[in-house]
Amino acid sequence: MNKRDFIKKSSLGALGIAMAPSLLARTNFHNRLRTAHIGLGFQGVEDLEAISSHKLVDVVALCDVDANNLAAAHKLHPTAKVFADYRTMLNEMGNDIDAVIVSTPDHTHAPASVMAMNMDKPVYCQKPLTHHVSEARAMTKLAKEKNLVTQMGIQVHSFYDYKLATLLIQSGIIGKVHTVRAWSPKNWGYDGKAPEGSDPVPEHLDWNLWLGTSAERPYKEGVYHPGNWRKLMDYGCGTLGDMGVHIFDTPYNALELDVPRTIKNECRKPTGFGYPENNIVTYEFPGTKHTAETLKWVWYDGPGAPKSHKDLKLPDGEALHDQGAMFMGEKGRLYLPHFLKLPKLIVDGKYQEMDVESFNLGTPKRDYATEGKKHYHQFVEACFGREECSAPFSYASRLTETILLGVIAGRFPNKTLHWDNSTARFSEEEANQYLESPYRDF
């Protein structure tokens, strides 16, 4: 099944759901927001707890293909109905759900979100928004057509540190930015061979549902579920898709970038199974009002990242934070360590004081528990029409597309790929096959 067929099949009519007047009319939530949660592993439980901490949220449905995950989440919300298959959940409870939270492995983000959106449900979907470029564009189009509240799960987007960095860059504190370097030494790659044979599927796991729309393959203990799917081409998006989305977000947002013109990934040859363990991805973006005529962006990931470079040297021989981004501009550099660290201004090799109070952002919070809820609660408040989401699919899809283009470039090591934003195609025809993949009818 191709993407277009799946979107049609996921519509209410194809599923045989009656379009009740109450469902069509329920576009404003006056008293309570009834949420359904798809995917309840580590990140899914974090999403569940953060969304449900809003005083106006009622969790009415929980869904996971792993019975152990489902049971643990059900203890937190014992009145919620439980399901293994999100299609069954949405089919049976369509009229009793106001919003859907998708926290599955990447390959199920789009299928689950599209089905919910076709039922006119606001969707909060974890990052990266999709597994394929074609899915990201389709989800943005659908959200716009239906005028839905949407938010991608890049929680740090709403943190003080990252909002401050955005305002500093847009204030012109380092002038026009010509280069960004970003990095993470995390290793969500796998350079080994694909496993052989199969293992018995654990009783608590529905392997067919876990595979979802991806190709059928035998189960192997410890290879796919739980956790390791990020490393594998059929299910995740590597370190770039995991941490890159978080660390790209602030520079991408601050510089008001669109998608890149060219992409090159320096990495090992593709194996067809796992992502490279080390990647150096270089993007070239068309300029914006905050950048030089063109912007160069270099991403480093995997063990040992980042590669040593003069742009990344800190004053007084200070060690670089293990993850972060550096903006290079006409007047200096802005250093943004990742996660609960304030940005720092570097001019002529020395740190400089900054007037951050003038931006009226309040007092910085230094704990994740406080800051982490903002992004989720913003989504809830947007469903009530009181706020606007800061990472709607219209924004999230462009950021995700940029990330995914770098992931695809890893299939063509050391080769520059040229991207046409207007047609959503590469000039290099052999690369276009990776913009989407057929959906298995499961």
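Here, every reference points to the structure presented above.
Note that this is a predicted model, so its numbers are computed, not measured.

## Some remarks on the overall build of the chain
A count of helices and strands for the chain gives 13 helices and 16 strands. Taken over C-alpha atoms, the radius of gyration comes to 22 Å for the chain, in line with the 22 Å a tight globule of 442 residues would show. Principal-axis analysis of the C-alpha atoms places the extent of the chain at approximately 65 × 50 × 40 Å. For the chain, buried positions account for 56% of its 442 residues. Summed over its atoms, the accessible surface of the chain is roughly 18500 Å², and 50% of this surface lies on carbon and sulfur atoms. Counting 50 positive and 54 negative side-chain charges, the chain places the centres of these two groups 2 Å from one another.

## What to know about the side chain of Gln323
Within the fold, Gln323 resides in the loop between strand E10 (291-301) and strand E11 (324-329). A polar contact is formed between the side chain of Gln323 and the side chain of Ser184, at a distance of 2.7 Å. Not counting residues within four places of it along the chain, the set of residues in contact with Gln323 comprises Trp183, Ser184, Pro185, Lys186, Met243, Ile247, Pro337 and His338.

## Here we look at helix H6 (residues 86-93)
An α-helix turns once every 3.6 residues. As a result, residues three or four positions apart point the same way. Where H6 is concerned, the buried positions are Tyr86, Met89, Leu90 and Met93. One face of H6 carries all of its buried residues, which in axial projection span an arc of 90°.

## Things to note about the pattern of salt bridges
Under the criterion given, the structure shown has 20 salt bridges. With a closest N to O distance of 2.7 Å, Asp85 and Arg87 form a salt bridge. Taking relative accessible area as the criterion, Asp85 reaches 13% and is therefore assigned buried. By relative accessible area, which is 22% here, Arg87 ends up partly exposed.

## Re the sheet that holds strand E5 (residues 123-126)
Ordered in space as E3-E2-E1-E4-E5-E6, the 6 strands form an open sheet in which the pairing is parallel. Sheet topology places strand E3 (81-83) and strand E6 (150-153) at the edges, where each strand pairs with a single neighbour. Taken over all neighbouring pairs, the strand axes of this sheet differ in orientation by 20° on average, direction set aside. In this sheet, strand E2 (residues 57-63) lies alongside strand E1 (residues 33-38) in parallel orientation, the contact comprising 6 bridges. Across the sheet, residue Ala36 finds its bridge partner in E2, namely Ala61.

## Re unusual backbone geometry
In this model, Lys127 is joined to Pro128 through a cis peptide bond whose omega is -20°. Looking at where Pro128 falls in the secondary structure, it is placed in the loop between E5 and helix H8 (133-146). In the segment running from His225 into Pro226, the intervening peptide bond is cis, with an omega of 0°. Mapped onto the secondary structure, Pro226 falls in the loop between helix H10 (207-211) and helix H11 (238-254). Although it is not a glycine, Asp120 sits at a positive phi angle of roughly 65°. Structurally, Asp120 is set in the loop between helix H7 (109-118) and E5. Judged by relative accessible area, Asp120 falls into the partly exposed class, the value being 28%. In this structure, Asn414 is a non-glycine residue whose phi angle is positive, near 65°. Mapped onto the elements, Asn414 comes out in the loop between helix H13 (393-409) and strand E15 (417-420). Judged by its relative accessible area of 48%, Asn414 falls in the partly exposed class.

## Brief notes about the sheet that holds strand E8 (residues 262-266)
One open sheet accounts for 10 strands, arranged E14-E13-E12-E11-E7-E10-E9-E8-E15-E16; its pairing is mixed. With one partner strand each, in any of the chains shown, strand E14 (350-352) and strand E16 (425-426) form the two edges of the open sheet. Pairing geometry for E11 and strand E12 (residues 333-337), over 5 bridges, is antiparallel. Looking at the pairing, Met328 lines up with Arg333 of E12. Where H13 meets the sheet, its contacts fall on E8, strand E9 (279-286), E15 and E16, and the angle it forms with E8 comes to roughly 50°.

## Considering the packing of H6 against H7
Where H6 meets H7, the axes come as close as 10 Å, and the angle between the chain directions of the two elements is 10°. Between H6 and H7, the interaxial angle falls into the category roughly parallel. Mapping the contact onto sequence places Tyr86, Arg87, Leu90 and Asn91 in H6 and Pro111, Ala112, Met115 and Ala116 in H7. When the residues that make up the contact of H6 with H7 are grouped by side-chain class, the tally is 6 nonpolar, 1 polar and 1 charged.

The rules we used
Residues numbered from 1 in each chain as written. Predicted model: local features only at pLDDT ≥ 70, side-chain atom pairs only at ≥ 80, totals over all residues. Heavy atoms only, no water. Helix = DSSP H or I, 4+ residues; strand = E, 2+ residues; numbered from the N terminus. Rg over C-alpha atoms; globule rule 2.2 N^0.38 Å. Buried < 20%, exposed > 50% of the residue type's maximum accessible area, 1.4 Å probe, protein only. Areas by Shrake-Rupley, 256 points an atom, 1.4 Å probe, with all protein chains shown as cover. Lys, Arg positive; Asp, Glu negative; His and termini not counted. Charge placed at Lys NZ, Arg CZ, Asp CG, Glu CD. Polar contact = N/O pair within 3.5 Å; in protein donor to acceptor, adjacent residues only side chain to side chain. Contact = heavy atoms within 4.5 Å. Arc of directions from axis to C-beta. Salt bridge = Lys/Arg side-chain N within 4 Å of Asp/Glu carboxyl O. Pairing = 2+ DSSP bridges. Axes fitted to C-alpha atoms, helices over the stretch in contact; angles between N-to-C directions. Parallel < 35°, antiparallel > 145°, perpendicular 65-115°, else oblique. Nonpolar A, V, L, I, M, F, W, Y, C, P; charged D, E, K, R; others polar.

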